[in-house]
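The chain contents come next:
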Amino acid sequence: MSAKGLQVAVIGGGIGGMAVAAALARRGARVTLHEQAGDLAEVGAGLQVSWNGQQVLRALGAVPATGLPPEEVSLSPGTWMMDGPARRRVAFVPPPGPGQTWYMHRADLLARLVDRARAAGVTLKLGQVATPGSVAGDLIVAADGGRSLWRSAIDGPVEPVFSGQVAWRALVPNDKALPTAPATLAMGPRAHMVVYPLRAGRLTNIVAVEERSHWTEEDWNQQGDPVEFRDRFADVARPFGDLLARVDKVHRWALHLRPVARTWVQGNLALLGDAAHPTLPFMAQGACLALEDAWVLAARVDALGVAPGLAAYQAARIDRARRVVALARGNAWRFHLGRPWSWGAQAVLAVGAGALARRLDWVYGYDATRA
Ligand SMILES: Cc1cc2nc3c(=O)[nH]c(=O)nc-3n(C[C@H](O)[C@H](O)[C@H](O)COP(=O)(O)OP(=O)(O)OC[C@H]3O[C@@H](n4cnc5c(N)ncnc54)[C@H](O)[C@@H]3O)c2cc1C
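Because the structure is predicted, anything quoted here is derived from the model rather than measured.

Considering the arrangement of structural elements, one finds Asn174 in the loop between strand E10 (161–173) and strand E11 (183–188). For Asn174, a relative accessible area of 14% gives the class buried. Side-chain polar atoms of Asn174 contact the side chain of Thr204, separated by 2.9 Å. Leaving out residues up to four positions away in the same chain, Asn174 has contacts with Gly201, Arg202, Leu203, Thr204 and Arg246.

This part covers the site of the ligand. Around the ligand, 31 residues are found, and the nearest of them are Gly16, Glu35, Gln48, Arg106 and Asp274. A distance of 2.9 Å is found between an oxygen atom of the ligand and a backbone nitrogen or oxygen belonging to Gly16. Calculation on the ligand without its partners gives an accessible area of 1000 Å², and the protein chains cover 86% of this total. Only helix H1 (15–26), strand E2 (30–35), strand E3 (46–49), E10 and helix H6 (286–304) provide two or more residues apiece to the shell around the ligand. By residue class, the composition of the shell around the ligand is 13 nonpolar, 13 polar and five charged.

When two helices pack together, their arrangement is given by the angle between their axes and by how far apart the axes lie. Taken N-terminus to C-terminus, the directions of helix H2 (residues 51–59) and H6 make an angle of 45 degrees; their axes are 8 Å apart at the nearest point. One way to sum up the angle between H2 and H6 is to call them oblique. Seen along the crossing, H2 lies across H6 with a hand that is left-handed. Seen from H2, the contacting residues are Asn52, Gly53, Val56, Leu57 and Ala59; seen from H6, they are Cys288, Leu291, Glu292 and Trp295. Of the residues belonging to the contact of H2 with H6, the class tally is six nonpolar, two polar and one charged.

As a general point, the strands of a sheet are linked pairwise by backbone hydrogen bonds and lie either parallel or antiparallel. Read from one edge to the other, the open sheet built from six strands follows the order E8-E2-E1-E9-E17-E16, with strand pairing classed as mixed. On the outer flanks of this sheet lie strand E8 (123–126) and strand E16 (265–266), each paired with one strand and no other. Judged from the four bridges that link them, strand E1 (residues 7–11) and strand E9 (residues 139–142) form a sheet pairing that is parallel. Bridged to Ile11 within E9 is Ala142. The sheet contacts of H1 involve E1, E2, E8 and E9, and relative to E2 the element is tilted by about 170 degrees.

The rules behind the values
Residues numbered from 1 in each chain as written. Predicted model: local features only at pLDDT ≥ 70, side-chain atom pairs only at ≥ 80, totals over all residues. Heavy atoms only, no water. Helix = DSSP H or I, 4+ residues; strand = E, 2+ residues; numbered from the N terminus. Buried < 20%, exposed > 50% of the residue type's maximum accessible area, 1.4 Å probe, protein only. Polar contact = N/O pair within 3.5 Å; in protein donor to acceptor, adjacent residues only side chain to side chain. Contact = heavy atoms within 4.5 Å. Near = heavy atom within 4 Å. Areas by Shrake-Rupley, 256 points an atom, 1.4 Å probe, with all protein chains shown as cover. Nonpolar A, V, L, I, M, F, W, Y, C, P; charged D, E, K, R; others polar. Axes fitted to C-alpha atoms, helices over the stretch in contact; angles between N-to-C directions. Parallel < 35°, antiparallel > 145°, perpendicular 65-115°, else oblique. Left-handed = near helix turned anticlockwise from the far one by under 90°. Pairing = 2+ DSSP bridges.

Below you can see the structure in the form of structure tokens.
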């Protein structure tokens, strides 16, 4: 069996779709990728790529053996956990997994995957909304994101539900390149903020999450108001000095979730990435899981053929995705405690940060290219 000559349609040109398109084409499949947007662009924001995601990027040839230039990747020596309102350092958490975490601009990561996909002969069809019935192939991979249209065709209709969390993201330019610095995660009541350098420190990436009891606006991904942003996060952002004052553009996502799909595969159709397992960002694993899915799907189909390969893909992935998604959901309260509960949690962190990171080795130290 081999993927050679298979006609494959991939729906979605995000990180998951582009990675699986490249992975299948490198194994000889004839891949067409359909992306609804008119151009291939990721959100202007940073992304943490932990060791498990890095292994897939290496195996795809998206990262040279010599490593990435500092203009594209900042290597993280770890994360400072802080009590935001008190401006107090609580613990230093070393990078999870066997290696350092990479901080990358999403656009840089996507560009590397697009380059690999093109080099392997993938045909990119942009400005194409692909609906069930509108595309054909020996294999169809739906990597159409957390609001996947294709998921209902496989796993039945499930509406996304507001998770109670709203994420804000902003990039702040720096005049001078700054040396690689650890990330800082400032915790506070019902909110937290993560700050890390991108592109050799010429940009500072801000991701902030707040709890809200309800969300009424239809649009779940929209331009936010910098004044409202500063206002909502003033307390938790105290360790960052005037950083928020320098934000002139901010995006806001009301995080909606569906549960992990019970079935990822039907016939020659498979779900991948957020389409199969949308997650809260508290483990920084959504894109890394999508990269893992991409490698495993291509490898199993190549080894076993379409139907047995897809069955093996789901069997290899579903439990891991469920566990990581559940862990991410469970992490919200840890970062968002008010007093006096935060003191207890912080005391545990202060003495146990290293052990905590080691307990998560199964997440970040997983190598999908050998699984
Ligand atoms: C605030 C925040 C921070 C995060 N931080 C991290 C992090 O640090 N590390 C990490 O690993 N993950 C992180 N994630 C998660 C990560 O962003 C996602 O899990 C990942 O981008 C999912 O990739 P995907 O390719 O599955 O889906 P998407 O990126 O959603 O891509 C889906 C693509 O499909 C296209 N599409 C949809 N429907 C159709 C259609 N019918 N026809 C054609 N095209 C279609 C869309 O236009 C889109 O381009 C974060 C998420 C959030 C919200």
